[in-house]
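An overview of the molecular structure
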Amino acid sequence: MIPIPRPRSFRIALFWRHFANYFVVILIPVIVACTLAHFLVVSLIEKDAEKLNRVIMSRFSEQTDTAFNSLKTNMINMLSTSNIRSLLKETGDLSGENPQRMELIHALREQLIKLQADDLVTKAYLVFVHHDLVIDVDTYTDKSYYFDFRYPMGAEEKAAYLAKFTNKKMMEFTEPKPDGSALSALMSYPFNTNTPEVYLVVDVSREKLQRLIDIRENWVAGTAILGSRGEIIGSNGVVSDGISRIPSPLAASGDSKFLMTEDKAISLVKSGFDDTSYYLSLVDLPTLMKPAHLTRLISWIFLAFFIVVGSFVSYYLSRRMYRPILEIKEGLKSHGSAQALQMRSDGNDYDVIKRFSQLIISENKQLNQRVTGMFPIVQEHFVTKILLGEYRDALSIETYAGEIGFTYTKKAARTVLGIALHYDPDVYGRLSETSKSFLTAELKERILQLVPSTIWLCGIKSDLLVCVIQKDPFLSRSPEEEANLIRAVLQLYGSYFKATIGIGRTVYGIEELHLSYEQAVSVLQRRGLSAGVEICSGQSAPDSTQCDTFLSVQEVGRILNICKTRDYDKLLQSAYETVEEAVRKNATAVQIKYLCTDILNTWVRAAETDRKDFNVPFYAGLFEKVNACMTLEEVKRCFLEFHELLFQPAKPDERACKFTDILAYIHEHYDEELSIEQFANSMNMSVGHFSRTFKEEVGEKYVEYIAKYRLVKAKELLLQTDLKMDDIAEKVGYWGRNSFIRMFRKYEGITPAKYRTIHQ
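Since we're looking at a predicted model, the values are computed, not measured.

Considering the pairing of strand E6 (residues 198-205)
Most of E6 is tucked away: 8 of the 8 residues are buried. Side-chain alternation along E6 places Val-198, Leu-200, Val-202 and Val-204 on one buried face and Tyr-199, Val-201, Asp-203 and Ser-205 on a second face that is also buried. Pairing geometry for strand E1 (residues 121-128) and E6, over 7 bridges, is antiparallel. Bridge assignment links Val-127 to a residue of E6, and that residue is Tyr-199.

Here we look at helix H28 (residues 737-748)
The terminal C-alpha atoms of H28 lie 16 Å apart, and with 12 residues this matches the ideal 16 Å at 1.5 Å per residue to within 8%. Where H28 is buried, its residues contact helix H26 (702-720), helix H27 (725-731) and helix H29 (752-759). Just downstream of H28 lies Gly-749, where phi reads positive at about 85°.

What about the pattern of salt bridges?
Per the counting criterion, the structure on display carries 13 salt bridges. Taking the shortest distance from any N to any O, the salt bridge between Glu-110 and Arg-745 comes out at 3.3 Å. One end of the pair, Glu-110, is in helix H3 (residues 99-116); the other, Arg-745, is in helix H28, with 635 residues separating them in the sequence. Assessed through its relative accessible area of 29%, Glu-110 is described here as partly exposed. For Glu-511, the salt bridge goes to Lys-411, with nearest N and O atoms at 3.9 Å. Taken together, the residues Glu-511 in the loop between strand E15 (498-509) and helix H17 (513-523) and Lys-411 in strand E12 (residues 411-422) connect sequence positions 100 residues apart. Residue Glu-511 is classed as buried on the basis of its relative accessible area, which comes to 18%.

Side note on the layout of surface pockets
Looking at the largest pocket, its volume works out to about 780 Å³. Those elements giving two or more residues to the lining of the largest pocket turn out to be H3, H28 and H29. Among the elements that line the lining of the largest pocket, the one with the most residues is H3, at 9 residues. Classifying every residue of the lining of the largest pocket by side-chain character gives 11 nonpolar, 5 polar and 10 charged.

Structural notes on the environment of Thr-64
With respect to the element layout, Thr-64 can be found in helix H1 (residues 7-81). Sequence-wise, Thr-64 and Ile-225 are 161 residues apart; in three dimensions their C-alpha atoms are separated by 9.5 Å. Look past the residues within four positions of Thr-64 in its chain and what remains in contact with it is Leu-212, Ile-213, Ile-225 and Tyr-279.

A short note on the packing of helix H20 (residues 589-608) against helix H22 (residues 632-646)
When two helices pack together, their arrangement is given by the angle between the helix axes and the distance between those axes. Between H20 and H22, the shortest axis-to-axis distance is 11 Å and the interhelical angle comes to 5°. Judged by the angle between their axes, H20 and H22 are roughly parallel. For the pair formed by H20 and H22, the contact residues are Cys-596, Ile-599, Leu-600, Trp-603, Val-604 and Ala-607 on the first element and Val-635, Phe-639, Phe-642, His-643 and Leu-646 on the second. For the contact of H20 with H22, the residue count by class is 10 nonpolar, 1 polar and no charged.

A closer look at the nonpolar core
One finds Leu-79, Ile-84, Leu-126, Phe-128 and Leu-200 to be the most contacted residues of the largest nonpolar core, which totals 45 residues. Take this core: its biggest share by element is 9 residues, from H1. In contact with Leu-79, not counting residues within four places along its chain, are Ile-84, Leu-126, Met-187, Ser-188, Tyr-189, Phe-191 and Leu-200. By size, the runner-up hydrophobic cluster in this structure holds 35 residues, among which are Tyr-576, Leu-595, Leu-632 and Phe-639.

With respect to helix H21 (residues 616-628)
For an α-helix, the turn length of 3.6 residues means that residues three or four places apart are oriented alike. A rise of 1.5 Å per residue sets the reference length of H21, with its 13 residues, at 18 Å; its end C-alpha atoms lie 19 Å apart and thus fit the reference within 8%. Buried residues along H21 sit in contact with H20 and H22.

Some points on a nonpolar patch on the surface
A contiguous nonpolar surface patch, about 840 Å² in accessible area, is contributed by Phe-23, Val-24, Val-25, Ile-26, Ile-28, Ile-31, Val-32, Leu-36, Leu-40 and Leu-44. Tracing the backbone shows Val-32 in helix H1.

What to know about the packing of aromatic side chains
What the rule picks out here adds up to 23 aromatic pairs. An aromatic cluster of three or more residues is present, and its members are Phe-659, Tyr-665, Phe-679, Phe-690, Phe-694, Tyr-702 and Tyr-705. The lysine or arginine in question, Lys-636, covers the ring of Tyr-576, its NZ or CZ lying 5.7 Å from the ring centre. Positioned over the ring face of Tyr-734 is Arg-710, at 5.6 Å from the centre of the ring.

Quick notes on the rules
Residues numbered from 1 in each chain as written. Predicted model: local features only at pLDDT ≥ 70, side-chain atom pairs only at ≥ 80, totals over all residues. Heavy atoms only, no water. Buried < 20%, exposed > 50% of the residue type's maximum accessible area, 1.4 Å probe, protein only. Helix = DSSP H or I, 4+ residues; strand = E, 2+ residues; numbered from the N terminus. Pairing = 2+ DSSP bridges. Expected span 1.5 Å × (residues − 1). Contact = heavy atoms within 4.5 Å. Salt bridge = Lys/Arg side-chain N within 4 Å of Asp/Glu carboxyl O. 1 Å grid on protein atoms, 1.4 Å probe; cavity = no way out; pocket = protein on both sides within 12 Å on 5 of 7 lines; lining within 4 Å. Points joined across faces, edges and corners; volume = space filled by probe spheres on them. Nonpolar A, V, L, I, M, F, W, Y, C, P; charged D, E, K, R; others polar. Axes fitted to C-alpha atoms, helices over the stretch in contact; angles between N-to-C directions. Parallel < 35°, antiparallel > 145°, perpendicular 65-115°, else oblique. Core = buried A, V, L, I, M, F, W, Y, C linked by side-chain atoms within 4.5 Å. Patch = residues over 30% accessible without salt bridge, like charges linked within 9 Å, V, L, I, M, F, W, Y side chains within 5 Å. Areas by Shrake-Rupley, 256 points an atom, 1.4 Å probe, with all protein chains shown as cover. Phe/Tyr/Trp six-rings, centres within 6.5 Å; stacked < 30°, edge-to-face > 60°. Lys NZ or Arg CZ within 6 Å of the ring centre and 35° of its normal.

Put into structure tokens, the structure is as follows:
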């Protein structure tokens with residue numbers, strides 16, 4: 001005979017049995033998954049990270065090349081289409097009154113203005129090598145004056161800077177100033193000569209260049225553009241540390257290079273704009289490879305977690321399986337009738353429980369009684385299933401009914417009455433779900449007491465009570481008469497809800513009850529807006545075909561005309577009359593709701609022309625309120641609420657008043673400096689917000705409005721006075737005649753002098 005193990009060794013054996021099952025079923029797949037994640041998934045993530053860097057760098061280089069190529073093209077077009085050759089012939093004539101020379105210089109300045117409109121360009125000017133002449137968008141002068149005052153440099157800086165204007169240059173970058181505020185791009189003209197006569201200089205803003213080469217990724221520490229000698233042409237972020245750790249970019253083979261160190265990686269991509277230049281990005285490897293490291297760490301934590309969980313679960317199950325055995329054994333020992341069985345204390349625990357199983361069943365009959373008390377709930381649920389059509393087979397219904405002790409007559413005339421309950425908190429007060437449940441239970445009890453026929457009651461929904469009436473052959477009462485009896489009960493609860501009774505058709509088999517229920521629910525849609533208890537059936541439905549469920553075009557136009565005249569009281573009264581007329585024509589609640597929705601839609605259209613403070617969710621809430629109405633008074637109350645919301649008196653626009661004051665100030669002080677920051681601060685706005693708001697209110701941009709108003713005043717002075725151009729420019733708020741002439745030509749297409757000649 002195999003000895004029974006002691007409790008301690010038995011419990012340990014249970015533990016290892018559970019742990020072995022856990023290891024085979026769960027731990028082995030987890031170990032395989034962690035191994036795959038460690039080797040396969042991590043390597044894929046690392047390759048994807050490097051691939052992502054290449055894609056980002058490719059997009060970055062394409063974007064930068066496009067910007068530089070566009071700038072280079074603009075510079076070439078400017079030099080190609082300019083009249084520099086003609087001006088070089090005229091430069092020998094130093095007389096400022098030479099009209100031909102002045103016209104050529106003016107044309108060159110206009111072309112420089114167009115070139116300077118490029119996003120990257122902050123300044124553009126022409127330097128003549130063999131002539132002491134510099135031309136920019138504002139002036140033309142000699143080199144000494146220009147580089148001393150207009151573009152100030154020290155003597156050594158100027159000498160070093162002018163020494164760069166030698167040999168052929170096709171957009172060569174250089175730094176004009178030690179402070180690094182701008183980056184100059186040089187281009188010589190004529191193009192194909194080593195002894196050019198003119199250099200076009202374009203200053204590129206380092207700030208805009210930084211924004212251009214910025215890569216908005218958290219794993220990019222910095223970006224830069226490197227020249228042919230490895231010098232930094234433009235940079236963004238911290239790149240000096242990375243450059244010091246790699247050889248010269250010119251030593252890199254191929255179009256791209258990805259160099260990795262311990263914690264940094266440097267990605268080099270050859271520029272498509274210049275074969276001797278490279279784009280560089282300094283990659284923070286810990287950040288870029290963070291998903292791979294995190295995946296590796298999570299895989300090991302995942303494995304350790306499952307091992308710990310498996311140990312605890314195995315221990316818990318073994319302890320839990322053994323503890324009830326001991327507890328049941330000790331409990332049976334103390335049982336009153338257990339001594340009659342002469343239980344052996346040294347026997348197997350499972351045998352002890354088996355001997356007492358019959359005793360436990362016989363002594364716990366109370367449990368059966370509790371289950372029996374649940375039969376009414378189960379039977380009501382069973383009837384609900386039949387009504388909803390889930391049980392349509394007579395044999396299956398008979399089988400399920402036998403299992404729950406539900407008795408019924410197989411063939412009998414039955415009619416379904418659907419009772420719809422409408423709870424409106426504004427009319428009847430707000431009821432909690434608990435109060436509704438008690439109210440429904442009380443209503444069921446009263447119906448069962450009052451109606452003498454055999455009745456089954458069940459709540460399909462919180463607002464729908466279904467009554468199945470079995471026709472009594474001795475009473476010979478019609479379904480309408482039964483419905484009148486139930487209406488008498490419902491009228492007692494008129495202070496809590498509005499009720500409507502829908503009568504379905506009479507069926508003769510329990511498996512057809514769902515057809516009667518469907519018709520009862522269907523006829524409920526024919527209810528009206530009466531405040532009392534309504535009874536709806538297929539035979540007694542009122543003729544509602546005379547009522548139009550939508551407004552005609554003439555009625556919509558009449559409502560919109562009333563809104564335009566702002567006779568809002570008449571508008572509300574018109575809505576009341578329309579709804580009351582539909583009620584007189586025996587329209588159903590559904591038809592009246594369609595009509596009310598059309599009226600509300602017309603109101604919304606009219607209100608939107610004057611008010612912009614409502615949104616789609618607000619309007620959706622209005623239509624939901626209309627759909628929830630069940631009586632005429634509820635509809636009228638809704639329209640009164642909508643009337644107060646949609647047609648409120650308009651408030652004066654304070655912002656428009658403030659902008660009126662600002663325009664008045666501009667008209668009075670147009671000859672002074674008008675700072676946009678001053679007006680923005682006065683309205684507690686940022687400059688950008690003020691500029692957008694100004695355009696919305698006035699219709700023009702702030703700068704264009706001031707410029708056009710000044711030109712209006714300038715035209716008056718040109719035609720009504722003999723003032724010189726300098727005086728007129730000063731009177732209308734310009735610092736010099738050049739700025740005034742340039743602005744006048746921009747908006748009028750001709751110079752001020754020509755305008756005076758034409759119109760005088």
